[in-house]
Amino acid sequence: MTNDLKNIASTIRSRRTVKQFTNKNVDSDLILKAIDLARWAPNHHLTEPWHFYILNDSIIKKCIELIRVIVTEKKGEEIGNFKAENSKLIPGWLVVTSKLSESKLTQQEDYASVCCAIQNFSLYLTEAGLASKWSTGAITRDNRFYDLLSINTKSEVIVGLIWYGYPKQLPTQSRGKLDDILTVID
Ligand SMILES: Cc1cc2nc3c(=O)[nH]c(=O)nc-3n(C[C@H](O)[C@H](O)[C@H](O)COP(=O)(O)O)c2cc1C
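Being a predicted model, the structure only gives us computed values, none of them experimental. (Residues numbered from 1 in each chain as written. Predicted model: local features only at pLDDT ≥ 70, side-chain atom pairs only at ≥ 80, totals over all residues.)

Q: Please explain the overall build of the chain as it appears in this structure.
A: Per the secondary structure count, the chain includes six helices and four strands. For 186 residues, the compact-globule formula gives about 16 Å, and the C-alpha radius of gyration of the chain, at 18 Å, lands near that figure. Overall, the chain is about 55 × 45 × 35 Å in size when its C-alpha atoms are taken along their principal axes. In the chain, which comprises 186 residues, the proportion classed as buried is 25%. Partitioning the intrachain contacts of the chain with sequence separation of at least 6 by distance along the chain shows that 79% fall at a separation of at least 24. (Helix = DSSP H or I, 4+ residues; strand = E, 2+ residues; numbered from the N terminus. Rg over C-alpha atoms; globule rule 2.2 N^0.38 Å. Buried ≥ 20, exposed ≤ 12 C-beta atoms within 10 Å, placed from the backbone. Contact = placed C-beta atoms within 7 Å.)

Here's what the structure looks like:
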């Protein structure tokens, strides 16, 4: 295997979902570069269905309070406060949406493309020594979140809330056996 192949294999394999980050500042240019690269994901008919919303401090504070409200409604005050307080420790917040389409097929293809873009974003961060967590928690499906970010529910759907930063530590992960998910058809 060439060194380039080893490098890409290592980056793909070492990307981990991380929930705890250090307070080291993330360079905003790095995030812009990651977003710029993310959109080189495949997208059928070149629909470029993605939109990236970088959240800054004042809106993050409002999101945290919304998390407190939504989680409290669903799981009670103690868990609501716990989730909100934990969210305060997350340095980077990015929301990624996909365009909505009247065509079910286009909608599905666009969603797939946005997922690829998020993976590109995450891999670039991994290579830069950062980590991320792709969340589809309750807030991402709540109209109050759309309203807060001025995202139109009729034209866009939130594919993920991506939290990012420098990882406190990288968790270990595993995958099942390759044979279990592989069928060669002659
Ligand atoms: C579409 C999608 C939604 C996810 N939503 C959540 C989430 O809401 N909460 C969470 O803790 N992890 C979430 N994850 C992260 C997965 O739990 C994680 O990818 C899985 O545990 C495997 O770990 P790895 O990413 O380190 O390989 C999500 C991942 C994807 C692809």
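Q: It is not clear to me how the site of the ligand should be interpreted in this structure. Could you clarify?
A: Taken together, Arg16, Thr17, Lys133, Trp134, Ser135, Thr136, Gly137 and Gln173 make up the full set of residues near the ligand. Here the residues of the shell around the ligand sort into one nonpolar, five polar and two charged. (Near = placed C-beta within 6 Å. Nonpolar A, V, L, I, M, F, W, Y, C, P; charged D, E, K, R; others polar.)

Q: Looking at this model, I keep getting lost on the packing of helix α3 (residues 57-75) against helix α4 (residues 77-87). Mind explaining?
A: Between two packed helices, the angle of one axis relative to the other and the distance separating the axes together describe the packing. Following both chains from N to C, one finds α3 and α4 inclined at 155°, their axes separated by 7 Å at the closest point. It follows that α3 is roughly antiparallel to α4 by the angle criterion. As α3 runs across α4, the sense of the crossing is right-handed. From α3, Ile64, Ile67, Arg68, Val71, Thr72 and Lys75 reach across to α4, where they touch Glu77, Ile79, Gly80, Asn81, Lys83, Ala84 and Ser87. Per-class residue counts for the contact of α3 with α4 are five nonpolar, four polar and four charged. (Axes fitted to C-alpha atoms, helices over the stretch in contact; angles between N-to-C directions. Parallel < 35°, antiparallel > 145°, perpendicular 65-115°, else oblique. Left-handed = near helix turned anticlockwise from the far one by under 90°.)

Q: Explanation requested: the pairing of strand β2 (residues 92-99) in the structure shown.
A: In regular strands, side chains alternate between the two faces of the sheet. In terms of burial, β2 is a largely internal element, seven of the eight residues being buried. Strand direction decides the pairing type here: strand β1 (residues 50-55) and β2, joined by six bridges, are antiparallel. The partner of His51 across the bridge, within β2, is Thr97. Bridging between β2 and strand β4 (residues 156-165) involves eight bridges; their strand directions are antiparallel. Its bridge partner being in β4, Lys99 is matched across the sheet by Glu156. (Pairing = 2+ DSSP bridges.)

Q: Whenever I open this one, the packing of helix α1 (residues 3-14) against helix α5 (residues 104-127) confuses me. Can you help?
A: At a closest axis distance of 9 Å, the pairing of α1 and α5 adopts a crossing angle of 105°. Judged by the inter-axis angle, α1 sits roughly perpendicular to α5. Contacts from Thr11, Ile12 and Ser14 of α1 reach α5 at Leu123, Thr126 and Glu127.

Q: Please clarify how unusual backbone geometry should be interpreted in this entry.
A: What you tend to see is this: most non-glycine residues have negative phi, and most peptide bonds are trans. The residue Leu46 is not glycine, and still its phi comes out positive at about 45°. Summarising the element assignment, Leu46 is placed in the loop between α2 (28-38) and β1. Of the residues examined, Leu46 has 8 C-beta atoms within 10 Å and is grouped as exposed. Positive phi values are uncommon outside glycine, yet Ser150 reaches one of about 55°. Here Ser150 is to be found in the loop between α6 (143-149) and β4. The exposure class of Ser150 is exposed, given the 7 C-beta atoms found within 10 Å.

Q: What am I meant to see in the environment of Asp29 here?
A: Assignment of secondary structure puts Asp29 in helix α2. Judged by the 8 C-beta atoms lying within 10 Å of it, Asp29 falls in the exposed class. Taking the C-alpha atoms as reference points, Asp29 and Asn152, 123 residues apart in sequence, are found 27 Å from one another.

Q: Sorry, what's going on with the environment of Ala131 here?
A: With respect to the secondary-structure elements, Ala131 resides in strand β3 (residues 131-135). Ala131 sits in the buried class, given 25 other C-beta atoms within 10 Å. Counting along the chain gives 47 residues from Ala131 to Ala84, while the straight-line C-alpha distance between them is 20 Å. Among residues more than four places away in sequence, those in contact with Ala131 are Arg16, Val18, Leu125, Thr126, Tyr164, Pro167 and Leu170.

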